[in-house]
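Here's the letter readout for the chains.
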Amino acid sequence: ALTTDSGCVLSANSVQSLPRGDLGPAADRCCAKLRGELLALLESGACACEHTADQLIVFMALAGGTSRLRAPPAAALSSLHLPTAVHFA
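K.L.:
Would you mind going over the overall build of the protein chain with me for this structure?
P.N.:
Looking only at helices and strands, the protein chain has three helices and two strands in total. Along the protein chain, helices (α) and strands (β) appear in the sequence β-β-α-α-α when read from the amino end. For the protein chain, whose C-alpha radius of gyration is 16 Å, the value lies well above the compact-globule estimate of 12 Å for 89 residues. Its C-alpha atoms give the protein chain principal-axis dimensions of about 50 × 30 × 20 Å. For the protein chain, the proportion of its 89 residues judged to be buried stands at 22%.

What follows is the structure in structure tokens.
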């Protein structure tokens with residue numbers, strides 16, 4: 001996880017099977033991928049990753065008043081979950 005100067009906590013995760021014992025290059029690749037995702041998220045100015053944002057959208061839609069959330073840019077999304085949540089909200 002990464003904590004920004006404003007106190008926002010950003011995280012990245014990976015669903016990848018790694019061999020037991022000496023992880024070596026496989027772990028290095030996994031860590032490099034996660035590091036890249038965190039840096040891209042930080043540089044985007046988003047306050048939540050796409051996976052968290054698509055869950056928050058539902059609660060924001062149910063809340064009274066105006067809600068705002070800075071999410072990752074569309075070009076950085078790995079699925080249509082966030083745009084779909086926004087569409088139906």
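K.L.:
Is there a simple way to explain the nonpolar core in this structure?
P.N.:
Most often, soluble globular proteins have nonpolar side chains that are buried together. If you look at the biggest cluster of nonpolar residues, it comprises six residues: Cys8, Leu10, Leu38, Leu41, Ala46 and Cys49. Aside from chain neighbours lying at most four places away, what touches Cys49 is Ser11, Leu41 and Pro72. Counting five residues, the second largest nonpolar core, distinct from the first, contains Ala53, Leu77, Leu82 and Ala85.

K.L.:
Where do I start with the side chain of Glu50 in this structure?
P.N.:
By the secondary structure assignment, Glu50 is in helix H2 (residues 50-62). Summary of buried charges: Glu50 has no salt-bridge partner, and the nearest side chain of opposite charge, Lys33, is 9.4 Å away. Polar side-chain contacts of Glu50 include one of 3.0 Å to the backbone nitrogen of Ser78. Excluding its chain neighbours within four sequence positions, the residues that come into contact with Glu50 are Pro72, Ala76, Leu77, Ser78, Ser79 and Leu82.

K.L.:
I tried to follow the pattern of salt bridges on my own but got confused; where do I start?
P.N.:
Note that side chains of opposite charge can pair when their charged atoms are close. Applying the stated criterion across every chain, the model contains one salt bridge. Lys33 serves as the salt-bridge partner of Glu37, at 2.8 Å between the closest nitrogen and oxygen. Highlighted residues: Glu37 and Lys33, both in helix H1 (residues 24-44), separated by four residues, approximately one helical turn. Classification of Lys33 as partly exposed rests on a relative accessible area of 45%.

K.L.:
How do you make sense of the state of the cysteines when you look at a structure like this?
P.N.:
In protein chemistry, a disulfide is the covalent bond that joins the sulfur atoms of two cysteines. Summed over all chains, the structure comprises zero disulfides. Lacking any disulfide linkage, Cys30 is separated from the closest cysteine sulfur, that of Cys31, by 5.7 Å. Taking relative accessible area as the criterion, Cys30 reaches 10% and is therefore assigned buried.

K.L.:
What is the right way to look at H1 in this model?
P.N.:
In this model, H1 (21 residues) spans 31 Å end to end at C-alpha, consistent with the 30 Å of a helix rising 1.5 Å per residue. Of the residues making up H1, those classed as buried are Ala26, Ala27, Cys30, Leu34, Leu38 and Leu41. Along the axis of H1, the buried positions cluster into a sector of 100°, meaning they face one direction only. Facing away from the buried side of H1 by over 90 degrees, the exposed positions are Pro25, Asp28, Arg29, Arg35 and Glu43. Where H1 is buried, its residues contact strand E1 (2-3) and strand E2 (9-10). A positive backbone phi angle near 85° is found at Gly45, which sits one or two residues after H1.

Rules used in this analysis
In this numbering scheme, every chain counts its residues from 1 along its sequence in written order. It should be noted that, the model being predicted, local features are given only for residues of pLDDT at least 70 and side-chain atom pairs only at 80 or more, the latter also being counted only at that level, while totals for whole chains, interfaces and linings use all residues. Each side-chain value is derived from all of the structure's non-hydrogen atoms; neither hydrogens nor water enter the calculation. Secondary structure elements follow DSSP: runs of H or I no shorter than four residues count as helices, runs of E no shorter than two count as strands, and numbering proceeds from the N terminus. Only the C-alpha atoms count toward the radius of gyration. The rule for a globule is 2.2 Å times the residue count to the power 0.38. Only protein chains enter the area calculation, which uses a 1.4 Å probe; residues under 20% of their type maximum are buried, those over 50% are exposed, and those in between are partly exposed. Residues belong to a common nonpolar core when they are buried Ala, Val, Leu, Ile, Met, Phe, Trp, Tyr or Cys residues joined through side-chain atoms within 4.5 Å. Any two residues having at least one pair of non-hydrogen atoms within 4.5 Å are treated as being in contact. His is not counted here, nor are the chain ends, while Lys and Arg score as positive and Asp and Glu score as negative. We count a salt bridge whenever a side-chain nitrogen from Lys or Arg sits within 4 Å of a carboxyl oxygen from Asp or Glu. Any pair of N or O atoms that falls within 3.5 Å is considered a polar contact. Within protein, one atom must be able to donate a hydrogen and the other to accept it, and sequence-neighbouring residues count only if both atoms are side-chain atoms. Disulfide assignment relies on a single distance test, namely cysteine sulfur atoms paired within 2.5 Å. Given a helix with a known number of residues, its expected span is that number minus one, times 1.5 Å. Taken from the helix axis, the directions to the C-beta atoms give the arc we talk about.

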